[in-house]
Amino acid sequence: MSVSTQHAPGQARETGGLARGIAALADGKLYALQNPFALDGRVSSYPAGARGYSVANSYLLTQGDAAMLIDTGFGKDEPVIRAQIEALIAPGLPLSLFPLRLNEFMSINNVETFAGHFNVETCYTSNVDAALWFDFGAKAEGRDILQSMKVTAVTRADTIQLGKQGRAIDVMQAPIRLIATRWLYDRSTKTLFSSDLFTHVWRERADGPWIVTEADDATTPNELRSFMLNTRYWWLEGAPTDSIRRGINAVFETYDIETIAPGYGCILRGRKVVARHFQMLDEFLKACDKSRMVSRYVTRDEER
């Protein structure tokens, strides 16, 4: 399969020679490793009635002397993701791992396998006992790998350096979350890695496309609202969302964001697309505030 390479928002070219499912967001700097999955009512990250396909995203940040993998993907995709990484970095290149959601398989499922296969320099997490989070189903040698893996704890507001040239990656606590979650911002490519937010765009076909540009940005405010209220964010209606809005606003006011790269779902590409989806989210959160709505429990079978 060819690789979709986007040099600037709204522009793309096709190049061959790499493993399937790789989207080059910035040549030599940032690649999305994408593996689709069907929406058939069993995927809790999406509304029960959603049909079509979404995509699990891992992101590989590359430098000449180092690389970083953001989220390690589902275990079922491990052979493909491993091949995708091998197609992009030299054997033995120092690789760091950064799973953004410690509680979810989509983020952490392949930490043990990749730590045993690649030259993993460190694993960034918010917990120093990360090895205890990654050892489900591990054999004895897998637990040994995890126990020997270097873990670097990050704070709720931190900056880490990739490679000897010090490519700056800003770390922040996600301003909206249910579980321990970090967002990242790559200054070099102006990309916000938003983990389990901005995950609301999926496709009818298994082949995507998995990048939304201004040319095909068709999501409506009602569609975003329905997605949020029928997934893990169902509780926002009637919640004190003003503080959440301030937290998200601070991120978008602080950082120059050209791309929103979620942990799953389509990537949002280009300043106008980013601004539009941020505005739709902000308007949704404003309408949900407890000053306007009454909080109530909603089962997964009730779709709004």
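All values reported here derive from a predicted model rather than from experimental measurement.

Rules behind the numbers
Residues numbered from 1 in each chain as written. Predicted model: local features only at pLDDT ≥ 70, side-chain atom pairs only at ≥ 80, totals over all residues. Heavy atoms only, no water. Buried < 20%, exposed > 50% of the residue type's maximum accessible area, 1.4 Å probe, protein only. Helix = DSSP H or I, 4+ residues; strand = E, 2+ residues; numbered from the N terminus. Arc of directions from axis to C-beta. Contact = heavy atoms within 4.5 Å. Pairing = 2+ DSSP bridges. Right-handed = clockwise from strand over helix to strand, strands pointing away. Polar contact = N/O pair within 3.5 Å; in protein donor to acceptor, adjacent residues only side chain to side chain. Axes fitted to C-alpha atoms, helices over the stretch in contact; angles between N-to-C directions. Salt bridge = Lys/Arg side-chain N within 4 Å of Asp/Glu carboxyl O.

Some remarks on helix α1 (residues 78-86)
Residues separated by three or four positions in an α-helix point in the same direction, a consequence of the helix having 3.6 residues per turn.
Here is step 1 of the chain: The complete set of buried residues in α1 reads Glu78, Ile81, Gln84 and Ile85. Seen from one end, α1 has its buried residues packed into an arc of 125°, which puts them on one side.
Here is step 2 of the chain: Buried residues belonging to α1 abut β3 (22-26), β4 (30-39), β5 (52-62), β6 (67-70) and α3 (111-117).

What to know about the pairing of strand β7 (residues 95-98)
Here is step 1 of the chain: Every second residue of β7 is oriented toward a common face, with Leu95 and Leu97 on one face and Ser96 and Phe98 on the other, all of them buried.
Here is step 2 of the chain: Relative to β7, β6 runs parallel, the two sharing 4 bridges. In the sheet register, isoleucine 70 faces β7, and the bridge partner there is phenylalanine 98.
Here is step 3 of the chain: Read from β6 through α1 to β7, the crossover connection turns out right-handed.
Here is step 4 of the chain: Across 3 bridges, the pairing between β7 and strand β8 (residues 120-125) is parallel. Its bridge partner being in β8, leucine 95 is matched across the sheet by valine 120.

Here's the deal with the environment of serine 54
Here is step 1 of the chain: With respect to the helices, strands and loops of the structure, serine 54 is situated in strand β5.
Here is step 2 of the chain: For serine 54, a relative accessible area of 0% gives the class buried.
Here is step 3 of the chain: For the pair serine 54 and proline 209, spaced 155 residues apart in sequence, the C-alpha to C-alpha distance is 9.9 Å.
Here is step 4 of the chain: Ignoring sequence-local partners within four residues, the contact set of serine 54 consists of Pro36, Phe37, Leu39, Tyr46, Trp202, Trp210, Tyr264 and Gly265.
Here is step 5 of the chain: Within polar-contact distance, the side chain of serine 54 engages the side chain of tyrosine 46 at 2.5 Å.

Some points on the sheet that holds strand β14 (residues 211-212)
Here is step 1 of the chain: If you trace the 7 strands from one edge of the open sheet to the other, you get β10-β11-β12-β13-β15-β16-β14, paired in mixed fashion. Only two strands of the sheet have a single neighbouring strand rather than two, namely β10 (157-162) and β14.
Here is step 2 of the chain: In terms of strand pairing, strand β11 (residues 167-173) meets strand β12 (residues 182-186) through 5 bridges, oriented antiparallel. When the sheet's bridge partners are listed, methionine 172 is paired in β12 with tryptophan 183.
Here is step 3 of the chain: Strands in contact with helix α7 (residues 271-288) are β14, β15 (259-262) and β16 (267-269); relative to β16, the strand with the most contacts, it is inclined by about 120°.

Some details on the pattern of salt bridges
A side chain of one charge can pair with a side chain of the opposite charge if their charged atoms are brought near each other.
Here is step 1 of the chain: The full count for this structure, using the stated rule, is 20 salt bridges.
Here is step 2 of the chain: A salt bridge links arginine 82 to glutamate 78, with the nearest nitrogen and oxygen atoms 2.6 Å apart. Linking arginine 82 with glutamate 78, this pair stays in helix α1, spanning 4 residues, or about one helical turn.
Here is step 3 of the chain: Looking at glutamate 78, the relative accessible area reads 8%, which means it is buried.
Here is step 4 of the chain: The shortest N-O distance in the salt bridge between glutamate 258 and arginine 271 comes to 2.8 Å. Taken together, the residues glutamate 258 in the loop between α6 (241-254) and β15 and arginine 271 in helix α7 connect sequence positions 13 residues apart.
Here is step 5 of the chain: The network of salt bridges with common partners includes Asp71, Arg101, Glu104, Asp196 and Arg232.

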